Amino acid sequence: MKRILATLIFGVLFLCSYAQKPQHYYVEIKTNKGVITAKLYNETPKHRDNFKKLVSEYYYDGILFHRVINNFVIQGGDPESKKPTTTSLTVLGSGGPDYRIPAEIQEGLIHKKGALGAARDNNPAKASSGSQFYIVQGRKFTEAGLDSLETFRMGGKKFSSQQREAYTKVGGTPHLDGNYTVFGEVILGLDVVDSIAVVRTDKNDRPITNEPMFIRLLTRREAINLERQMAGLPPKNDFFTRLFDSFKSKDYKLP
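Definitions and cut-offs
- Residues numbered from 1 in each chain as written.
- Predicted model: local features only at pLDDT ≥ 70, side-chain atom pairs only at ≥ 80, totals over all residues.
- Heavy atoms only, no water.
- Patch = residues over 30% accessible without salt bridge, like charges linked within 9 Å, V, L, I, M, F, W, Y side chains within 5 Å.
- Areas by Shrake-Rupley, 256 points an atom, 1.4 Å probe, with all protein chains shown as cover.
- Salt bridge = Lys/Arg side-chain N within 4 Å of Asp/Glu carboxyl O.
- Buried < 20%, exposed > 50% of the residue type's maximum accessible area, 1.4 Å probe, protein only.
- Helix = DSSP H or I, 4+ residues; strand = E, 2+ residues; numbered from the N terminus.
- Lys, Arg positive; Asp, Glu negative; His and termini not counted.
- Polar contact = N/O pair within 3.5 Å; in protein donor to acceptor, adjacent residues only side chain to side chain.
- Contact = heavy atoms within 4.5 Å.
- Pairing = 2+ DSSP bridges.
- Axes fitted to C-alpha atoms, helices over the stretch in contact; angles between N-to-C directions.
- 1 Å grid on protein atoms, 1.4 Å probe; cavity = no way out; pocket = protein on both sides within 12 Å on 5 of 7 lines; lining within 4 Å.
- Points joined across faces, edges and corners; volume = space filled by probe spheres on them.
- Nonpolar A, V, L, I, M, F, W, Y, C, P; charged D, E, K, R; others polar.
- Parallel < 35°, antiparallel > 145°, perpendicular 65-115°, else oblique.
- Left-handed = near helix turned anticlockwise from the far one by under 90°.

Colleague: Just checking my understanding: could you explain a nonpolar patch on the surface for this structure?
Modeller: On the surface, a nonpolar cluster with roughly 460 Å² of combined accessible area is contributed by Phe239, Phe240, Leu243 and Phe247. A residue is classified by how much of its surface remains accessible, and Phe240, at 41% relative accessible area, is partly exposed.

Colleague: Would you take a moment to explain the side chain of Glu227 for this structure?
Modeller: Note that Glu227 resides in helix α6 (residues 220-230). Buried charge without a salt bridge: Glu227, with Lys39 as the nearest opposite-charge side chain at an N-O distance of 7.5 Å. Among the polar contacts listed, one links the side chain of Glu227 to the side chain of Tyr26, at a separation of 2.7 Å. Not counting residues up to four positions away in its chain, the partners in contact with Glu227 are Pro22, Gln23, His24 and Tyr26.

Colleague: Would you mind going over the sheet that holds strand β4 (residues 73-76) with me for this structure?
Modeller: Strand pairing in a sheet takes place through backbone hydrogen bonds and is either antiparallel or parallel in direction. Spatially, the eight strands line up as an open sheet ordered β3-β4-β8-β6-β9-β2-β1-β10, and their pairing is antiparallel. Each edge of the open sheet carries a strand with a single partner, namely β3 (65-69) and β10 (213-217). Each neighbouring strand pair of the sheet contributes to a mean axis angle of 25°, computed without reference to strand direction. Inspection of the sheet shows strand β1 (residues 25-31) paired to β10 by five bridges, in the antiparallel sense. When the bridges of β10 are listed, Thr31 appears paired with Met213. Together, β1, β2 (34-40), β6 (115-118), β8 (133-136), β9 (182-188) and β10 form the strand contacts of helix α2 (residues 45-56), whose direction differs from that of β10 by roughly 110°.

Colleague: Explain empty space enclosed by the protein here, please?
Modeller: Over the atoms, a rolling probe the size of a water molecule traces out where space has been left empty. In this structure the tally under the stated criterion is one cavity of 30 Å³ or more. Reported here for the largest cavity is a volume of approximately 70 Å³. Looking at the largest cavity, the residues that line it are His47, Asn50, Phe51, Tyr60, Ile101, Ala118, Ser129, Gly130, Ser131, Gln132, Phe133 and Phe183. When residues of the lining of the largest cavity are assigned to their parent elements, the largest contribution, three residues, is made by α2. Grouping the constituent residues of the lining of the largest cavity by class yields six nonpolar, six polar and no charged.

Colleague: In this structure, what is going on with the pattern of salt bridges? I would like to understand it.
Modeller: Close approach of charged atoms allows side chains with opposite charge to pair. Tallied over the full model, the rule gives 16 salt bridges. Across the salt bridge formed by Glu57 and Lys53, the nearest N and O atoms sit 3.0 Å from each other. Of the charged contacts in the structure, one is a salt bridge between Lys83 and Glu80, with a shortest N-O distance of 3.4 Å. Among the ionic contacts, a cluster of salt bridges with common partners joins Glu143, Asp147, Glu150, Lys158 and Arg164.

Colleague: Just checking my understanding: could you explain the packing of helix α3 (residues 143-152) against helix α4 (residues 161-169) for this structure?
Modeller: The relative placement of two packed helices is expressed as an angle between their axes plus a distance between the axes. Contact geometry of α3 with α4 gives a least axis separation of 10 Å together with a crossing angle of 125°. Classified by the interaxial angle, the pair formed by α3 and α4 is oblique. Between α3 and α4 lies a crossing of right-handed hand. Listed contacts from α4 to Glu143, Leu146, Asp147 and Glu150 of α3 are Arg164, Tyr167 and Thr168. Within the contact of α3 with α4, the residues separate by chemical class into two nonpolar, one polar and four charged.

All quantities given are derived from atomic positions and should not be read as evidence of function.
Right, dumping it as structure tokens:
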């Protein structure tokens, strides 16, 4: 009986070790300049789930980065940009699904370099576009520069110590905080963001040479191994991992 019980306990522990679920959704953005990997925040579930849905439907495949401003952001997500009728003279930036996403603006989610933010028009509720997004490149600020922004761009609102540390050490676009929803961040490929940000553009900030994107969701195993990598651990691809994964869906669902 003890041997059977010990075997059962071992079996449960063994299965638990392979039944791990990722903590976040991750997307891989393939571009002409390389690959960007981004994490979607659980703190902004409406934006997270909408982006995941569109990516799962291949909505972004072939869509262009239509607005690129060095030291600021690279922006895309307008479905009009991948139509055969789109030319270099077409002004982009107004297309998207026929819905908006309610704002999920949070003080702790800031526009540091690599932040994934939701574009929007000037609606008073600050609701986001159904598909357009931007990735922050930004620049580093001095303490004096942040003081100036507080006075002239932020209406006197003070930056937190978290914001000041991020914007002086990593950089970003601090004046966007509180005005747009940040729903993720780049964890690999910031150099790719920099490469796209410096391409030649026209008077509408559209790249002279098209810069398309193709986005996919990371699978359950890819996401688990990425989280292990970020924690300084090796990936799990051993025989038992592959065996267990063969009985599991590559997809996963977060609450």
